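Descriptive structure summary
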Amino acid sequence: MAPSDEADEGMTLAELAALVVTLATLGLFWAWAWTAMLNRSSSSPVCRQPPAILGDCDGDADVSDLEATLCWGIESLSVPTSACPACDYNGDGVVTVQEAQWATWNARR
Ligand SMILES: [Ca+2]
Ligand SMILES: [Ca+2]
């Protein structure tokens, strides 16, 4: 009777350990899949067409080299965004590298 109890307990522990390993593996898989999905969705705007008027500070429907340079100045130097709100595509008050890059692309059209 005692040996069979020990055997049952041993089987239960083994099954529990296998269950834990399986759950941990599934958890790692889902974490990986979720991270891969988030990375894909966050990288998609890079391929998006830049907005046509981004960087057009004076509103003449054209982005000059000077205006693109101003966007880079807002992004990397301490030039205030109010100097050219057209550089701030999403209106969050910050000109990102992406937004300055778009302004440069628009200036090269
Ligand atoms: Ca302009
Ligand atoms: Ca912005």
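Please refer to the structure placed before this passage.
Note that the structure is predicted; figures quoted are calculated from it, not measured.

What about the environment of valine 79?
Mapping valine 79 onto the fold places it in the loop between helix H2 (65-76) and helix H3 (97-107). Ignoring anything within four residues of it in the chain, the contact list for valine 79 reads Gly73 and Ile74.

Remarks on H3
Taken together, the buried positions of H3 are Glu99, Ala100, Trp102, Ala103 and Asn106. Buried residues of H3, viewed axially, fall in a sector of 155 degrees; they line one side. For H3, the secondary structure elements touched by its buried residues are H2.

Examining the packing of H2 against H3
Following both chains from N to C, one finds H2 and H3 inclined at 175 degrees, their axes separated by 8 Å at the closest point. Judged by the angle between their axes, H2 and H3 are roughly antiparallel. Between H2, through Asp65, Glu67, Ala68, Cys71, Trp72 and Glu75, and H3, the contact on the second element is made entirely by Val97, Glu99, Ala100, Ala103, Thr104 and Ala107. Residues of the contact of H2 with H3, tallied by class, amount to seven nonpolar, one polar and four charged.

About the thresholds
- Residues numbered from 1 in each chain as written.
- Chains lettered and ligands numbered in written order.
- Predicted model: local features only at pLDDT ≥ 70, side-chain atom pairs only at ≥ 80, totals over all residues.
- Helix = DSSP H or I, 4+ residues; strand = E, 2+ residues; numbered from the N terminus.
- Contact = placed C-beta atoms within 7 Å.
- Buried ≥ 20, exposed ≤ 12 C-beta atoms within 10 Å, placed from the backbone.
- Arc of directions from axis to C-beta.
- Axes fitted to C-alpha atoms, helices over the stretch in contact; angles between N-to-C directions.
- Parallel < 35°, antiparallel > 145°, perpendicular 65-115°, else oblique.
- Nonpolar A, V, L, I, M, F, W, Y, C, P; charged D, E, K, R; others polar.

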